[in-house]
Amino acid sequence: MSQSHQTIEPWLRGIIRCPQCKGEVTDVPAASGGTEVAELRCDTCHLAYPVEGGVPVLLVDLARRTDS
Ligand SMILES: [Zn+2]
């Protein structure tokens, strides 16, 4: 089993919410294409949460601001 892919488990993706506003987040595909997800973006908070090895890092402190 390869761990190199970035695909988030469907059951996990289904329960992911923005930790700040509890709203739904949008998948941001990786630049390389395919089904990889590079970030999970919240358009309400203007934050993008990183996805590392298929594991979303839902920490506001580690999120990238998208409005600057
Ligand atoms: Zn949010």
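Our subject is the structure listed above.
Residues numbered from 1 in each chain as written. Predicted model: local features only at pLDDT ≥ 70, side-chain atom pairs only at ≥ 80, totals over all residues. Heavy atoms only, no water.

(A) Focus on the coordination of the zinc ion. The zinc ion binds to the protein through Cys18 (SG), Cys21 (SG), Cys42 (SG) and Cys45 (SG); the donor distances cover 2.2 to 2.4 Å. Classification of the site at the zinc ion rests on its 4 donor atoms, whose angles at the metal span 103 to 113°, yielding the label tetrahedral. Positions of the donor residues of the zinc ion along the chain correspond to the pattern C-x2-C-x20-C-x2-C. Taken together, the positions of Cys21 in the loop between helix H1 (10-13) and strand S1 (26-29) and Cys42 in strand S2 (residues 37-42) put the pair 21 residues apart, joining distant regions of the chain. Judged by its relative accessible area of 1%, Cys42 is buried. (Donors = N, O, S within 2.8 Å, 3.2 Å for Na, K, Ca; no water. Tetrahedral: all angles 85-135°; square planar, octahedral: opposite > 155°, others 65-115°. Helix = DSSP H or I, 4+ residues; strand = E, 2+ residues; numbered from the N terminus. Buried < 20%, exposed > 50% of the residue type's maximum accessible area, 1.4 Å probe, protein only.)

(B) The arrangement of the pairing of strand S3 (residues 47-52) in detail. Counting buried residues in S3 gives 5 out of 6 residues, a clear majority hidden from the surface. Relative to S3, S2 runs antiparallel, the two sharing 4 bridges. What sits directly across from Leu40, in S3, is Tyr49. Hairpin remark: S2 followed by S3, antiparallel, with 4 residues in the connecting loop; positive phi at His46, about 55°. For S3 and strand S4 (residues 55-56), the ladder comprises 2 bridges, and the chain directions are antiparallel. (Pairing = 2+ DSSP bridges.)

(C) A look at the nonpolar core. Ile8, Ile16, Cys18, Val25, Val37, Leu40, Cys42, Cys45, Leu47, Tyr49, Val51 and Ala63 together form the largest nonpolar core, which totals 12 residues. Where this core is concerned, the elements lending two or more residues are S2 and S3. When near neighbours in sequence (up to four residues on either side) are disregarded, Tyr49 contacts Cys18, Pro19, Gln20, Ala38, Glu39, Leu40, Cys42, Val57, Leu58, Leu59, Val60 and Ala63. (Core = buried A, V, L, I, M, F, W, Y, C linked by side-chain atoms within 4.5 Å. Contact = heavy atoms within 4.5 Å.)

(D) Spotlight on the side chain of Glu39. Here Glu39 lies in strand S2. In this structure Glu39 comes out as buried when scored by relative accessible area, which is 16%. Polar side-chain contacts of Glu39 include one of 2.8 Å to the side chain of Arg64. Residues contacting Glu39, with those up to four places away along its chain left out, are Thr26, Asp27, Val28, Ala48, Tyr49, Val51 and Arg64. (Polar contact = N/O pair within 3.5 Å; in protein donor to acceptor, adjacent residues only side chain to side chain.)

(E) View of the pairing of S2. With 4 bridges joining them, S1 and S2 adopt antiparallel strand pairing. Along S2, the bridge assignment pairs Thr26 with Arg41.

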